Amino acid sequence: MMRSGMLQILFSLFLFSSCGSDDGGIEVGPREDDPTTPPVTGLSYYGADLSYVNEMEDCGATYYNADGDAQDPFEIFQQAGTNLVRVRLWHNAEWTDYSDLEDAKQTISRAKALGMNVLLDFHYSDDWADPAKQEIPAAWADQIDNTQALTQLLYDYTYETLEHLSEENLLPEMVQVGNEINGMMLQQGELEWPIDWNRNSALINSGIQAVRDASSDFSKEIEVMLHIAQPENALWWFEQATDAGVTDYDWIGLSYYPIWSEYNLDNVGDAFKTLVDTYSKQLMVVETAYPFTMENNDPANNILNNDALISGYPASQQGQLNYLLELGAVISEAGGAGLVYWEPAWVSTGCSTQWGQGSHWDNATLFDHSNKATLALSFYNGAKED
């Protein structure tokens, strides 16, 4: 997630405070139309990244629907209209029991049991991969300077993962070949610039080929997504990638957080449209979020502070919903096809992250501090209408 990426986001914990009022001192203006009826048409996917749910439930979290009744969170999203669940996958994260293949399988199974499509997000790392960090899996580190060996390792891992999922009837409908791959994939420590596109294109194309081969071998249509953090970075990245021969993908995936972007809601559609028109690919914002409050619910400071607020969109449940409605409309008008909310269920619990006890996202989930669904879940009604 950040400048946008997740890890970059988490680095921001040490820069951002979570104090402030619920309205953040901004002007609050009511919508003239019905605020619970999404004016979004044309989107194919209304998604949620539910990678944290298994862990949060193990940590004691109970989720409540809009009526205040305890309910399976996957059911809450599915009944709201969610039709795509995004799932992250780390290679061998020894520091956690989650987001490994077994945990991802549980998430995929829960989503598919309710008829939702799945977007599997390969990080190709043992930890968070993002625009500031693309750390090679420890098991591959001795081959870091051997591009040919790395391409084979990446291919085999991708193909064998999908093969395993096929054996359990859990193949995803989409695969991300990397997470926020603004920088060159499979590096150690500080990212190397400029990108070595001979190396980088070989790695990306090997992952794409593994997905294509698995799709053919297992008789399952699986679409390929390449994911970049922030639309301004996607503009130069996809130009360079195309020049380097990276063209066989179906989706442009973006992280879009206004706090870390050069674009606001008034002009970000221009970047979306440029990407769609230039590359003739489908486009989806696969990470975004907006706070419903500025209150912090635990010792883990919130990442989205007052600087994340947009004039006219207060830190309230209505403001959160209006942000999603507006962004969804902008994506659709630009020719894009989907929006995924990043970590709507990362609620506060007694468990700890690598950075503190609780959740660094509890003010930007789609559940309030009592774990009751916020008004913003009605954004997903658009999937029913479409």
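Please refer to the structure placed before this passage.
Computed from a prediction, not measured in an experiment: that's the story for all the values here.

**With respect to the overall build of the protein chain**
- Helix and strand content of the protein chain: 10 helices and 8 strands.
- Across the 386 residues in the protein chain, those meeting the buried criterion constitute 61%.
- For the protein chain, long-range pairs separated by at least 24 residues make up 78% of all intrachain contacts whose partners lie at least 6 apart in sequence.
- In the structure as shown, the protein chain presents an accessible area of about 14,000 Å², 43% of it carried by carbon and sulfur atoms.

**Here's the deal with the layout of surface pockets**
- Estimated volume of the largest pocket: approximately 230 Å³.
- Around the largest pocket, the lining comprises 13 residues; the ones closest to its centre are Asn65, Ala66, Ile76, Ala80 and Leu377.
- When residues of the lining of the largest pocket are assigned to their parent elements, the largest contribution, 3 residues, is made by helix α3 (residues 73-80).
- Volume-wise, the second largest pocket comes out at about 190 Å³.
- Lining the second largest pocket are 18 residues, and of these Tyr52, Glu55, Trp95, Ser352 and Thr353 lie nearest its centre.
- When its residues are assigned to classes, the lining of the second largest pocket shows 9 nonpolar, 7 polar and 2 charged.

**Examining the state of the cysteines**
- Taken as a whole and judged by the stated rule, the model has 1 disulfide.
- Shown here is the disulfide that connects cysteine 59 with cysteine 351, its sulfur atoms set 2.0 Å apart. The sign of the -110 degrees torsion about the S-S bond sets the cysteine 59-cysteine 351 disulfide as left-handed. With a gap of 292 residues between them, cysteine 59 in the loop between α2 (53-58) and α3 and cysteine 351 in the loop between β8 (338-341) and α10 (381-385) connect regions that are remote in the sequence.

**Some points on the pattern of salt bridges**
- In total, this model carries 14 salt bridges according to the counting rule given.
- We note a salt bridge from arginine 86 to aspartate 121, for which the minimum N-O separation is 3.1 Å. Taken as a pair, arginine 86 in strand β2 (residues 84-89) and aspartate 121 in strand β3 (residues 117-122) lie far apart in primary sequence, 35 residues in all.
- Taking relative accessible area as the criterion, arginine 86 reaches 1% and is therefore assigned buried.
- Members of the salt-bridge network, linked through shared partners, are Asp49, Arg86, Asp121 and Glu287.

**Details of unusual backbone geometry**
- Cis geometry marks the peptide bond from tryptophan 193 to proline 194; its omega dihedral reads -5 degrees.
- The residue proline 194 is located in the loop between β4 (174-177) and α6 (197-217) in this model.
- For asparagine 169, which is not a glycine, the phi torsion comes out positive at approximately 55 degrees.
- As for its position among the elements, asparagine 169 is in the loop between α5 (147-167) and β4.
- Since its relative accessible area comes to 66%, asparagine 169 is described here as exposed.
- Of note in the backbone geometry, serine 280 takes a positive phi value of approximately 55 degrees without being a glycine.
- As for its placement among the helices and strands, serine 280 is situated in the loop between α8 (268-279) and β7 (282-287).

**Topic: the packing of α6 against helix α7 (residues 231-243)**
- With their axes 10 Å apart at the nearest point, α6 and α7 run at an angle of 85 degrees to one another. Regarding the angle of α6 to α7, the classification is roughly perpendicular. The residues of α7 that touch α6, namely those facing Trp197, Asn200 and Ile204, are Trp237, Gln240 and Ala241.
- Its residues placed into classes, the contact of α6 with α7 shows 4 nonpolar, 2 polar and no charged.

**Some points on the environment of threonine 147**
- Inspection of the secondary structure assignment puts threonine 147 in helix α5.
- According to the relative accessible area criterion, threonine 147 is partly exposed, its value standing at 27%.
- It is 8.9 Å that separates the C-alpha atoms of threonine 147 and asparagine 200, two residues lying 53 residues apart in sequence.
- Here threonine 147 is in contact with Arg199 and Ala202, once residues within four sequence places are set aside.

**Some words on the pairing of β4**
- Where burial is concerned, the two faces of β4 agree: the one with Met174 and Gln176 and the one with Val175 and Val177 are both buried.
- When β3 meets β4, the two strands line up parallel, connected through 4 bridges. Paired with leucine 120 across the two strands is valine 175, which belongs to β4.
- Of the crossover connections in this fold, the one passing from β3 over α5 to the parallel β4 is right-handed.
- As a crossover connection, the stretch from β4 through α6 into strand β5 (residues 223-229) is right-handed.

**A word on the sheet that holds β3**
- As summarised here, the arrangement of the 8 strands in space is β1-β2-β3-β4-β5-β6-β7-β8, forming a closed barrel in which the pairing is parallel. On average, each strand axis in the sheet is tilted by 25 degrees relative to the strand beside it, whichever way the strands run.
- Note: β7 against β8, 2 bridges, orientation parallel. Following the sheet pairing, methionine 284 is matched in β8 by glycine 338.
- In this fold helix α9 (residues 317-333) packs onto β7 and β8, with an angle of close to 150 degrees to the strand it touches most, β8.

Rules behind the numbers
- For every chain, the first residue of the written sequence is number 1, and numbering continues from 1 onward in sequence order.
- Thresholds applied to this predicted model are a pLDDT of at least 70 for local features of residues and 80 or more for the giving and counting of side-chain atom pairs; totals over whole chains, interfaces and linings are not thresholded and use all residues.
- The side-chain numbers reported here are obtained from all heavy atoms of the structure, hydrogens and water having been left aside.
- Numbering of helices and strands runs from the N terminus; a helix is a DSSP stretch of H or I covering at least four residues, while a strand is a stretch of E covering at least two.
- Using a 1.4 Å probe on the protein chains alone, a residue whose accessible area is under 20% of its type maximum counts as buried, one over 50% counts as exposed, and one in between counts as partly exposed.
- In what follows, residue pairs with any heavy atoms lying within 4.5 Å of each other are defined as contacts.
- Here the accessible surface of atoms and residues is derived via Shrake-Rupley with a 1.4 Å probe, and residues count as covered only by protein chains that are part of the display.
- Here a cavity denotes grid points, spaced 1 Å and computed from the protein atoms alone, that fit a 1.4 Å probe unable to get out, and a pocket denotes an open set having protein on both sides within 12 Å along at least 5 of 7 lines; residues with an atom within 4 Å of a point are the lining.
- Grid points are joined across faces, edges and corners, and a volume is the space filled by probe spheres set on the points.
- Throughout this entry, Asp, Glu, Lys and Arg are counted as charged residues, while Ala, Val, Leu, Ile, Met, Phe, Trp, Tyr, Cys and Pro are counted as nonpolar. The remaining residues, Gly among them, count as polar.
- Disulfides are defined as pairs of cysteine sulfur atoms found within 2.5 Å of each other.
- Think of a salt bridge as a Lys or Arg side-chain nitrogen and an Asp or Glu carboxyl oxygen that are within 4 Å of each other.
- Axis definition: a line fitted to C-alpha atoms, over the contacting stretch in the case of helices. Angles run 0 to 180 degrees between N-to-C directions.
- Angles below 35 degrees are treated as roughly parallel, those above 145 as roughly antiparallel, those between 65 and 115 as roughly perpendicular, and all remaining angles as oblique.
- Pairing between strands is defined by DSSP: at least two bridges between them are needed.
- We call a crossover right-handed when, viewed with both strands directed away from the observer, the connection leading from the first strand over the helix to the second proceeds clockwise.

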